[in-house]
Amino acid sequence: MALNKFTGRSFNKSIVFGTSVKTRDENDGSEKMTFKRLLGPFHCAPYIRTMHQNFELMGTKFSNTRQVSINHQWVGSKLTRQMKFAVIDNEIYRIVDNGSDDTSNPNGLDILSLQLAEDIDLPNEVVEDG
């Protein structure tokens, strides 16, 4: 079976892009980092790595990452440098790398490498909309 042959049905996950902002907790006055939506929701497809690729990535900044593909023309071209985080399945991920497809192919795909960001809180409105 060939990996990563994408069809329309492959894009079955919702993704929202954003940044982090400092917010103050109304109960105790402490400050925390919270996700702020900047773009989305869009659809993305899980990108599956082989076992060999997983072994090659051990010990690098990509060792505990998840990859998703997004359409370059409709989504990837709209990403900016300030969009450092993505939300998928109510989990916040830090965007580690954007493998952008810079060709003029209308079906071009960008591959995003995402790493779980446990130091950012997710506000309720992102969960409800995304």
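Source: prediction; values computed, not measured.

Q: What is the right way to look at the overall build of the chain in this model?
A: Counting its regular elements, the chain contains 2 helices and 6 strands. Listed by position from the N terminus, the elements making up the chain come as β-β-α-β-β-β-β-α. Taking all 130 residues of the chain together, the buried fraction comes to 33%. Nonlocal contacts in the chain, meaning residues at least 24 apart in sequence, comprise 65% of its contacts between residues at least 6 apart. Carbon and sulfur atoms make up 48% of the accessible area of the chain, which totals about 8,300 Å².

Q: Looking at this structure, how should I read the side chain of Thr34?
A: Here Thr34 lies in strand E2 (residues 31–47). Owing to a relative accessible area of 9%, Thr34 belongs among the buried residues under this scheme. Here Thr23 takes part through its side chain, which lies 2.7 Å from a polar atom of the side chain of Thr34. Ignoring sequence-local partners within four residues, the contact set of Thr34 consists of Thr19, Ser20, Val21, Thr23, Ile120, Asp121 and Pro123.

Q: What should I look at first to understand the layout of surface pockets in this one?
A: With a probe scaled to a water molecule rolled over the atoms, the places where space remains empty come into view. Estimated volume of the largest pocket: approximately 230 Å³. In terms of lining, the largest pocket is formed by Gly76, Leu79, Thr80, Arg81, Met83, Lys84, Ile95, Val96, Asp97 and Asn98. For the lining of the largest pocket, a count of residues per class yields 4 nonpolar, 3 polar and 3 charged.

Q: Can you walk me through the pairing of strand E1 (residues 13–24) in this structure?
A: Regular strands place their side chains on alternate faces of the sheet. By the bridge criterion, 11 bridges tie E1 to E2 in an arrangement that is antiparallel. Counted as the bridge partner of Lys13 is Cys44 from E2. Linkage of E1 to E2, two consecutive antiparallel strands, is achieved through a turn of 6 residues, within which Gly29 is found at a positive phi near 80°. Sheet topology places E1 next to strand E4 (residues 85–88); 3 bridges connect them, and they run antiparallel. Across the sheet, the residue bridging to Val16 is Val87, located in E4.

Q: I would appreciate a short explanation of the side chain of Asp110 in the present structure.
A: Along the chain, Asp110 turns up in strand E6 (residues 109–116). The side chain of Asp110 is buried and forms no salt bridge, while Lys78, the nearest opposite charge, is found at 11 Å. Not counting chain neighbours up to four residues away, the residues in contact with Asp110 comprise Val68, Ser69, Ile70, His72, Gly76, Asn98, Gly99, Ser100 and Asp101.

Reading the values: the criteria
- Residues numbered from 1 in each chain as written.
- Predicted model: local features only at pLDDT ≥ 70, side-chain atom pairs only at ≥ 80, totals over all residues.
- Heavy atoms only, no water.
- Helix = DSSP H or I, 4+ residues; strand = E, 2+ residues; numbered from the N terminus.
- Buried < 20%, exposed > 50% of the residue type's maximum accessible area, 1.4 Å probe, protein only.
- Contact = heavy atoms within 4.5 Å.
- Areas by Shrake-Rupley, 256 points an atom, 1.4 Å probe, with all protein chains shown as cover.
- Polar contact = N/O pair within 3.5 Å; in protein donor to acceptor, adjacent residues only side chain to side chain.
- 1 Å grid on protein atoms, 1.4 Å probe; cavity = no way out; pocket = protein on both sides within 12 Å on 5 of 7 lines; lining within 4 Å.
- Points joined across faces, edges and corners; volume = space filled by probe spheres on them.
- Nonpolar A, V, L, I, M, F, W, Y, C, P; charged D, E, K, R; others polar.
- Pairing = 2+ DSSP bridges.
- Lys, Arg positive; Asp, Glu negative; His and termini not counted.
- Salt bridge = Lys/Arg side-chain N within 4 Å of Asp/Glu carboxyl O.

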